[in-house]
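# Per-entry structural report
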Amino acid sequence: MFFSIVIPTYNRLPILQQCLRALELQTCDPTIVTGYETIVVDDGSTDGTIEWLQASASELPHLKIYEQAHKGASAARNFGVEQATGDTIIFIDSDIVVTPTFLQAHADMLLQKQQELGSDRVFTYGAVINTANFESPTSEPYKLLDFSNAYFATTNVAIARHWLLEVGLFDLDFDLYGWEDLELGVRLKNQGIEMVKCPAAMGYHWHPAFSLDRIPRLIEQEIERGKMGVIFYQKHPTLDVKITIQMTIFHRILWNILSLGGALNERTMKPLLQWTIDRGNPQLAEQFARIFLNQYSVQEVHRAYQQSLRAIER
């Protein structure tokens, strides 16, 4: 098994450095993992990413560098897969830091499941542990909030390259934040590709601790998620997708109740959020903020869907 690790990146140089250095520390059984390459596709960064990558070639012998104009993560991942020489693709993001046994864990689980199934119709989904600890991201313990039931999430998955090519890679209609990986997952699932959890393949997902100045971007992401949710549903108009993107009357009622009809929003909740942060619990503050953040997403998915119906009628 030869791995091609595909990593899109855009203006994330400090954590990308940790990501790539961790990948150089892999300990693999050469009879199982015959080799690996780390493919970084820079999506038009302006923070010195390319210059650092080029200057670090001797430190990062597995690294292959590609550049594209700013087209988004989906286009970058597609480009990376097209350039890959490995038979097996691993997707991680550029803010993921892995442990030394990361590749071996994916390989062991893939081979075990392939032997059970008698085919390679399988992909592995590794553990993703969220952390705000930049200095030592891998010291973060697993938390209940780290659980994910997503079918195909590009923060930490491994799959035979040919399956990605057969289903058509990532759909570039998803040009804003959200859902492009789960949409690809639907196509893989329709091909009978089975997901198997691989908790030993641990990836630590770093992001800065929640603060009030992050709220505008988080709101923007939720609005984008709503818009892209409609595209997801138009491509796969099923109840499962409708529930996933929260485009049901139940979700509208639920988040309207939880937000007290919109009374709990970024302005009214600001004192509580800051009080929680000041007491050293930014993770709890972020969960409080989900009350109005999810409301933005639910409102937008319904608004965008109604807009799409009116466009069809015209």
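Everything quoted here is computed from the prediction, not taken from an experiment. Residue numbering note: each chain is counted from 1, following its sequence as written. pLDDT decides what is reported in this predicted model: residues at 70 or higher carry local features, side-chain atom pairs at 80 or more are listed and counted, and totals for whole chains, interfaces and linings draw on all residues regardless. The side-chain numbers reported here are obtained from all heavy atoms of the structure, hydrogens and water having been left aside.

## A look at the overall build of the chain
Threshold: Numbering of helices and strands runs from the N terminus, with a helix taken as a DSSP run of H or I at least four residues long and a strand as a DSSP run of E at least two residues long. We take the radius of gyration over the C-alpha atoms and set the globule estimate at 2.2 Å times the residue count to the 0.38 power. Classification of residues uses two cut-offs on accessible area relative to the type maximum, computed with a 1.4 Å probe and protein chains only: under 20% is buried, over 50% is exposed, and between them is partly exposed. Contacts are residue-level and defined by heavy atoms, with any inter-residue pair within 4.5 Å sufficient.
On a plain count of helices and strands, the chain comes out with eleven helices and eight strands. On C-alpha atoms alone, the chain measures out to a radius of gyration of 20 Å, which is about the 20 Å that the 2.2 N^0.38 rule sets for 314 residues. Overall, the C-alpha framework of the chain stretches about 60 × 45 × 40 Å when taken along its three principal axes. Sorting the 314 residues of the chain into buried and exposed places 51% on the buried side. Taking the contacts inside the chain whose residues are at least 6 apart along the sequence as the reference set, 80% of them involve residues at least 24 apart.

## Things to note about the nonpolar core
As a rule of thumb, soluble globular proteins bury nonpolar side chains together. What counts here: Nine residue types can take part in a nonpolar core, namely buried Ala, Val, Leu, Ile, Met, Phe, Trp, Tyr and Cys, and a core is a set of them joined through side-chain atoms within 4.5 Å.
Judged by nonpolar contacts, the single largest core of 37 residues is most densely connected at Phe91, Phe152, Ile159, Leu164, Leu188 and Ile245. A per-element tally of this core places helix 7 (residues 215-235) first, with five residues. Beyond its immediate sequence surroundings of up to four residues, Ile159 is in contact with Thr88, Ile89, Val122, Phe123, Phe152, Leu164, Leu188 and Ile193. If you look at the next biggest cluster of nonpolar residues, it comprises 35 residues, including Ile96, Leu103, Val122 and Ala201.

## Examining the pattern of salt bridges
Convention followed: By convention in these notes, a salt bridge is any Lys or Arg side-chain nitrogen within 4 Å of a carboxyl oxygen on Asp or Glu.
For the coordinates displayed, the defined rule picks out 19 salt bridges. Note that Glu116 and Lys113 form a salt bridge whose closest N and O atoms lie 3.4 Å from each other. Of the two residues, Glu116 and Lys113 are both situated in helix 4 (residues 102-117); the distance of three residues between them amounts to about one turn of the helix. Classification of Glu116 by relative accessible area gives exposed; the value is 51%. Salt-bridge contacts for Glu194 lead to Lys113; the nearest nitrogen and oxygen are separated by 3.4 Å. Here the residue Glu194 occupies a position in strand 8 (residues 194-206), and Lys113 occupies one in helix 4, the gap between them amounting to 81 residues. A relative accessible area of 17% means that Lys113 is categorised as buried. In this structure, a network of salt bridges that share partners links the residues Arg77, Asp93 and Glu180.

## Let's talk about the sheet that holds strand 3 (residues 63-67)
To keep things clear, this is the line we draw: Strands pair, by our definition, only if DSSP identifies at least two bridges between them. Note on geometry: axes are C-alpha line fits, over the in-contact stretch for helices, and angles between N-to-C directions span 0 to 180 degrees.
Read from one edge of the open sheet, eight strands run 3-2-1-4-7-6-8-5, paired in mixed fashion. Edge strands, defined here as strands with exactly one partner in the open sheet, are strand 3 and strand 5 (96-98). Averaged over all adjacent pairs, the angle separating strand axes in this sheet is 30 degrees, with direction ignored. Pairing analysis gives eight bridges linking strand 1 (residues 2-9) to strand 2 (residues 35-42), with the strands arranged parallel.

## Overview of the layout of surface pockets
If you roll a probe as big as a water molecule over the atoms, it shows you where there is empty space left. What counts is decided by this rule: Using a grid of 1 Å spacing that covers the protein atoms alone, one calls a set of points a cavity when a 1.4 Å probe fits there but cannot get out, and a pocket when the set is open and has protein on both sides within 12 Å along at least five of seven lines; lining residues are those with an atom within 4 Å of a point. Grid points are joined across faces, edges and corners, and a volume is the space filled by probe spheres set on the points. Under the scheme applied here, ten amino acids are nonpolar (Ala, Val, Leu, Ile, Met, Phe, Trp, Tyr, Cys and Pro), four are charged (Asp, Glu, Lys and Arg), and all others, including Gly, are polar.
If you add up the space inside the second largest pocket, you get close to 200 Å³. For the second largest pocket, the full set of lining residues is Tyr125, Gly126, Ala127, Val128, Tyr142, Asp146, Phe147, Ser148, Lys197, Cys198 and Pro199. The set of elements that each furnish at least two residues to the lining of the second largest pocket consists of strand 6 (122-131) and strand 8. Its residues assigned to classes, the lining of the second largest pocket comprises seven nonpolar, two polar and two charged.

## Thoughts on the environment of Asn265
So the rule is basically this: For the purposes of these results, a polar contact is taken to be a pair of N or O atoms within 3.5 Å, where, inside protein, one atom must be able to donate a hydrogen and its partner to accept one; residues adjacent in sequence count only when each atom of the pair is a side-chain atom.
Of note, Asn265 is situated in the loop between helix 9 (249-258) and helix 10 (270-278). C-alpha separation for the pair Asn265 and Ala289, spaced 24 residues apart in sequence, amounts to 8.0 Å. Among the polar contacts made by the side chain of Asn265, one reaches the main-chain amide nitrogen of Thr268 at a distance of 2.9 Å.

## Details of the pairing of strand 2
Each regular strand shows side chains that alternate between the opposite faces of the sheet. Just so we agree on the cut-off: With its strands directed away from the observer, a crossover is right-handed exactly when the path from the first strand over the helix to the second travels clockwise.
Burial analysis of strand 2 places eight of its eight residues in the buried class, the great majority of the element. Side chains of strand 2 alternate between two faces, with Gly35, Glu37, Ile39 and Val41 and Tyr36, Thr38, Val40 and Asp42 buried alike. As for the winding sense of the linkage, the β-α-β connection from strand 1 through helix 1 (residues 13-23) to strand 2 is right-handed. Across five bridges, the pairing between strand 2 and strand 3 is parallel. Residue pairing across strands places Asp42 opposite Glu67, the latter belonging to strand 3. In this fold, strand 2 hands off to helix 2 (residues 49-55), which returns the chain to strand 3; that crossover is right-handed.

From the geometry alone we can't say anything about function, so treat these as descriptive.
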